[in-house]
Amino acid sequence: MGQSHPPFAFSPARRVEAAHIKDAVAPFCAVIGAGPAGLFAAEALARAGARVVVYEHKPSPARKFLMAGRGGLNITHSENLERFISRYGAAAKRVAPFIRAFPPQALRDFCAELGEATFVGTSGRVFPASFKASPLLRGWLSRLAQLGVTIASRHSFLGFAEDGALRLKGPEGEEFTRPASAVILALGGASWPKLGSEGGWTGPLSAAGVAVTPLSAANSGALVAWSSIFRADYEGQPIKTVLLRHGDASARGDMVVTRSGLEGGPVYALSSRLRDAAAKDGATTLFVDMRPDTSLACLTRKLSRRAPKQSHATFLKRAGFSKAEIGLLREARPEGLPRDAEALAGLIKNAPLKVIGVAGLERAISTAGGVSFEEVDADLMIRKMPGVFVAGEMLDFDAPTGGYLLQAAFATGLAAGRGAARYLGLLGADQAGLSPSHLPNSRAPAASNKYSV
């Protein structure tokens, strides 16, 4: 029954917050953070028979999840599972067991259970039929309420007391401790901090001796020192269907010119490499292929048909290049565009841009760094803190855009929830899944959720 590690010697709380649970039989578990990882962990625990409170320091849950759905919620990806797992790079082997236990199809099934069918886009990315996060979240919160999960908003995590009790700050600024049989930390990284993920948890965990890799921006825009003319003329302009290269890595898609550089899918895909290279050398070079579907030889032949006195702008415009593309070529070669067809074609296929860094955490889609996998066991329990589990973006992995971050958040949230249930003896080693049929101890108590959509 459970693990052999003793739980924290929690002391009685000095006060009981408004979101207390009356049931005194089942073990009480606290989940810190109401993003996808935290909510999924809470559901797994509630189905196993635990009493669960999710503490969220914002007024409402899953704000970053809702923001992700504003442009069309990319929930996961449909590619081959082995290829999918490889997308996590250096952390692939660490993340693999959790993704295999809860693969993309399982996440799609979960969405369907909540009334949101999903479909595969032309890029292989998976979206809910509504393209929105709000209907999915609404159905999910309703189900959590039916399972007895309470969401206590405006409660901030302050760390742990000397005896291991949770330290929290309530809505009125009051500080108190809370006893719990198990704690799941799902506080996110530090990207888009105004939505709730501020990274403040690194201090308390580091103070407890837990190794935390410093947080840095991932899936972020590239910073380019544009000329004032280019910035004024082309800020906000899209550049369609490019192939970006950095070293031996490449990414294809559309990008957008911003005041400070470039954003878009292919930029985000290479941002971690750009970040590390620029941090090391002060700057790095990103190469842009503006016609990835046209060979150099074919493009050279096309550009050879040019009137002797025709200007670059007129010629390239008639050849199908947008004003923003022509401006970008000039930025890549400020000394002037070559008139030689082969040289011009070479520039179009391999335009160099000097990248001086990536946008900061306040603009990054996600975060790299976090709790080292060496610090957690197979159930994502922190070895130095028995009874404390960690999930989601708090873990040290770097996921590209395309649904990989959300998939990992759900998968590690489930793993932490199952791990905590096993730790408490609520779930046997051979039990898995969220379905009540898979969990003999599951229950559906009366709703006690203080928050509703």
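Note: the structure precedes this text.
An account of the accompanying structure is given in this report. Bear in mind the structure is a predicted one, so any value in this text is a computation, not a measurement. (Residues numbered from 1 in each chain as written. Predicted model: local features only at pLDDT ≥ 70, side-chain atom pairs only at ≥ 80, totals over all residues. Heavy atoms only, no water.)

**Some remarks on the overall build of the chain**
Then comes step 1: Along the chain, the regular secondary structure elements total 14 helices and 19 strands.
Then comes step 2: Of all 453 residues assigned to the chain, the portion counted as buried reaches 55%.
Then comes step 3: Contacts spanning at least 24 positions in sequence make up 71% of the contacts within the chain whose residues lie at least 6 apart.
Then comes step 4: Summed over all atoms, the accessible surface of the chain reaches about 19300 Å², with 52% contributed by carbon and sulfur. (Helix = DSSP H or I, 4+ residues; strand = E, 2+ residues; numbered from the N terminus. Buried < 20%, exposed > 50% of the residue type's maximum accessible area, 1.4 Å probe, protein only. Contact = heavy atoms within 4.5 Å. Areas by Shrake-Rupley, 256 points an atom, 1.4 Å probe, with all protein chains shown as cover.)

**Section: the packing of helix H4 (residues 92-101) against helix H14 (residues 404-423)**
Then comes step 1: At their nearest, the axes of H4 and H14 sit 9 Å apart, and the two run at 85 degrees to each other. With respect to their mutual orientation, H4 and H14 come out roughly perpendicular. Residue-level contacts link Phe98, Ile99 and Ala101 of H4 to Gln407, Ala408, Ala411, Thr412, Ala415 and Arg418 of H14.
Then comes step 2: The residue inventory of the contact of H4 with H14, partitioned by class, reads six nonpolar, two polar and one charged. (Axes fitted to C-alpha atoms, helices over the stretch in contact; angles between N-to-C directions. Parallel < 35°, antiparallel > 145°, perpendicular 65-115°, else oblique. Nonpolar A, V, L, I, M, F, W, Y, C, P; charged D, E, K, R; others polar.)

**As for the side chain of Arg143**
Then comes step 1: Topologically, Arg143 is positioned in helix H6 (residues 134-146).
Then comes step 2: Engagement of the side chain of Arg143 in a polar contact is seen with the side chain of Glu43, the distance being 2.9 Å.
Then comes step 3: Within the structure, Arg143 has its side chain in polar contact with the side chain of Glu113 (distance 3.5 Å).
Then comes step 4: Residues within four places of Arg143 in sequence aside, it is in contact with Glu43, Arg47, Phe110, Glu113 and Leu114. (Polar contact = N/O pair within 3.5 Å; in protein donor to acceptor, adjacent residues only side chain to side chain.)

**Observations regarding the nonpolar core**
Then comes step 1: Residues Ile75, Tyr88 and Leu205 are the most contacted members of the largest nonpolar core, which totals 94 residues.
Then comes step 2: Those residues within four positions of Ile75 in sequence are excluded, and the remaining contacts are Phe65, Leu107, Cys111, Val126, Phe127, Leu136, Gly403, Leu406, Gln407 and Phe410.
Then comes step 3: Ala249, Phe315, Ile348 and Ala364 belong to the second largest nonpolar core, which has 42 residues in total. (Core = buried A, V, L, I, M, F, W, Y, C linked by side-chain atoms within 4.5 Å.)

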